[in-house]
Amino acid sequence: MSAESTGSAEPETRAAPGAEPPALCEPRPAADPAPGGTVPSGAGAQSGGPAPARGTTGAGGPAVLAEADALPLLRAGAFELEGRLVDASNTTLRGFVTLDGVTARCVYKPIRGERPLWDFPDGTLAGREVAAYLVSRATGWGLVPPTVLRDGPLGPGACQLWIDEPADGSPPVGFVPTFELPADWFRVAAARDDEGNAYALAHADDPRLARLAVLDAVINNADRKGGHILAGPDGRIYGVDHGISFHVEDKLRTVLWGWSGRRLPAEAAEMLDGLATALAGQLADDLAEHLTISEVARSAERVRRLRDTGRFPPPPQDWPAVPWPPM
């Protein structure tokens, strides 16, 4: 994707299999296609389809592996790669990690497979994925699946627990025919399909999504697509793909603008207070392993700003507010 259209090249793309989303009324150029590769059959929730069952803990089962169990598995488990997710603009591999008889599916993003971006330093996306997890963990909301930086088959990279979405689940974000928009959904942008039918890019008025919108404001997420929001089998909402976050300049770009200008949830005040304290201590040291000192400092400033205003931020005026494609 060109810098002129989005300000950040090559964000990852997610779309429903066999279907193209309606075009926004003010379309921007689509991202370049991902380089060649292979996709395993039934690619899974983090790539757009149902994942095949593995029959082992955390690999297609009904529950998400607990964080305390997932972290050592991700850090030290033996890798078995399944294939490449070709709808991702950076090299993204799906596989399994196994440790002490426990196996879980994971997403592995090697640093050597990251495409250069004009506004983010080369080779830093994997670290930003880990940083987003560390901030999420500090909030106590558990919005980002366990993520670590480790060596893998293609060298160091981010390794994240795979989240399987139930086949019968209802996505909380998407394109909805305009006249079928639920009363409790927020319209974000107008859209039309190839036949000219009116759609709305919209999302549910869901407190789980509101938490994710607060997290995105803290980490300055420049690529919150609808396809980066997963409804887990445990009833929780997860956010994935945070490689272009934490920039020192304001770059928030998201499909979750429904609460713009509204008061933050009551629970956010206590969370932000705790996060401010954490960013003055050990969390800052942990983030400094993956971010610059200025990026860590700016994160603390965004927390203070959110706490002071008590409101969701408004869309930017000098930066594309919605990522393209949005799903």
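To start, this report covers the structure provided alongside it. (Residues numbered from 1 in each chain as written. Predicted model: local features only at pLDDT ≥ 70, side-chain atom pairs only at ≥ 80, totals over all residues. Heavy atoms only, no water.)

Next up on the list: the overall build of the protein chain. The helix and strand tally for the protein chain stands at seven helices and eleven strands. Scored against the burial criterion, the 327 residues of the protein chain give a buried share of 54%. Of the contacts made within the protein chain by residues no fewer than 6 positions apart, 72% connect residues no fewer than 24 positions apart. Working note: accessible area of the protein chain is about 14,000 Å², and carbon and sulfur atoms make up 53% of it. (Helix = DSSP H or I, 4+ residues; strand = E, 2+ residues; numbered from the N terminus. Buried < 20%, exposed > 50% of the residue type's maximum accessible area, 1.4 Å probe, protein only. Contact = heavy atoms within 4.5 Å. Areas by Shrake-Rupley, 256 points an atom, 1.4 Å probe, with all protein chains shown as cover.)

Moving on, we come to helix α3 (residues 125-139). Given a rise of 1.5 Å per residue, 15 residues ought to cover 21 Å, and the 21 Å separating the end C-alpha atoms of α3 matches this to within 8%. For α3, the buried fraction is high: 13 of the 15 residues fall into the buried class. A positive phi of about 85° marks Gly 140, the residue just after α3. (Expected span 1.5 Å × (residues − 1).)

Our next topic: the packing of aromatic side chains. Scanning the entire structure with this criterion turns up three aromatic pairs. Ring geometry for Phe 79 against Tyr 108: centres 5.0 Å apart, planes inclined by 50°, an arrangement best described as tilted. Taken together, the positions of Phe 79 in strand β2 (residues 78-84) and Tyr 108 in strand β4 (residues 102-110) put the pair 29 residues apart, joining distant regions of the chain. Residue class for Tyr 108 comes out buried when judged on its relative accessible area of 0%. Taking 5.5 Å as the distance between ring centres and 70° as the angle between the ring planes, the aromatic pair formed by Phe 186 and Trp 259 counts as edge-to-face. With a gap of 73 residues between them, Phe 186 in strand β8 (residues 185-192) and Trp 259 in the loop between β11 (237-239) and α5 (266-279) connect regions that are remote in the sequence. Joined through ring pairs, the aromatic side chains of Phe 186, Trp 259 and Phe 312 make up one cluster. (Phe/Tyr/Trp six-rings, centres within 6.5 Å; stacked < 30°, edge-to-face > 60°.)

To continue, consider the packing of α5 against helix α7 (residues 293-309). Between α5 and α7, whose axes approach to 10 Å, the crossing angle comes to 155°. By the angle between their directions, the pair α5 and α7 is classed as roughly antiparallel. As for the relative orientation of α5 and α7, their crossing is left-handed in sense. Together, Ala 269, Leu 272, Asp 273, Leu 275, Ala 276 and Leu 279 of α5 and Ser 299, Ala 300, Val 303, Leu 306 and Arg 307 of α7 make up the contact between the two elements. Broken down by class, the residue content of the contact of α5 with α7 amounts to eight nonpolar, one polar and two charged. (Axes fitted to C-alpha atoms, helices over the stretch in contact; angles between N-to-C directions. Parallel < 35°, antiparallel > 145°, perpendicular 65-115°, else oblique. Left-handed = near helix turned anticlockwise from the far one by under 90°. Nonpolar A, V, L, I, M, F, W, Y, C, P; charged D, E, K, R; others polar.)

Bringing the sheet that holds strand β3 (residues 93-99) into the picture now. Spatial ordering of the open sheet is given by β2-β3-β4-β6-β5, a layout of five strands whose pairing is antiparallel. Strand pairing shows two members of the sheet lacking a second neighbour, β2 and β5 (147-152), which therefore form its edges. In this sheet, adjacent strand axes meet at a mean angle of 40° when their direction is disregarded. Of the strand pairs in this sheet, β2 and β3 are connected by six bridges, and their pairing is antiparallel. Each residue of the ladder has a partner; that of Glu 80, found in β3, is Phe 96. Running at roughly 25° to β5, helix α2 (residues 67-76) makes contact with β2, β3, β4, β5 and β6 (155-161) of the sheet. (Pairing = 2+ DSSP bridges.)

By size, the foremost hydrophobic cluster in this structure holds 67 residues, and its most contacted members are Leu 256 and Leu 287. In terms of residue count, helix α4 (residues 207-219) provides more of this core than any other element does, nine residues in total. Ranked by size, the runner-up nonpolar core spans six residues in total, among them Leu 117, Leu 125, Ala 222 and Ile 244. (Core = buried A, V, L, I, M, F, W, Y, C linked by side-chain atoms within 4.5 Å.)

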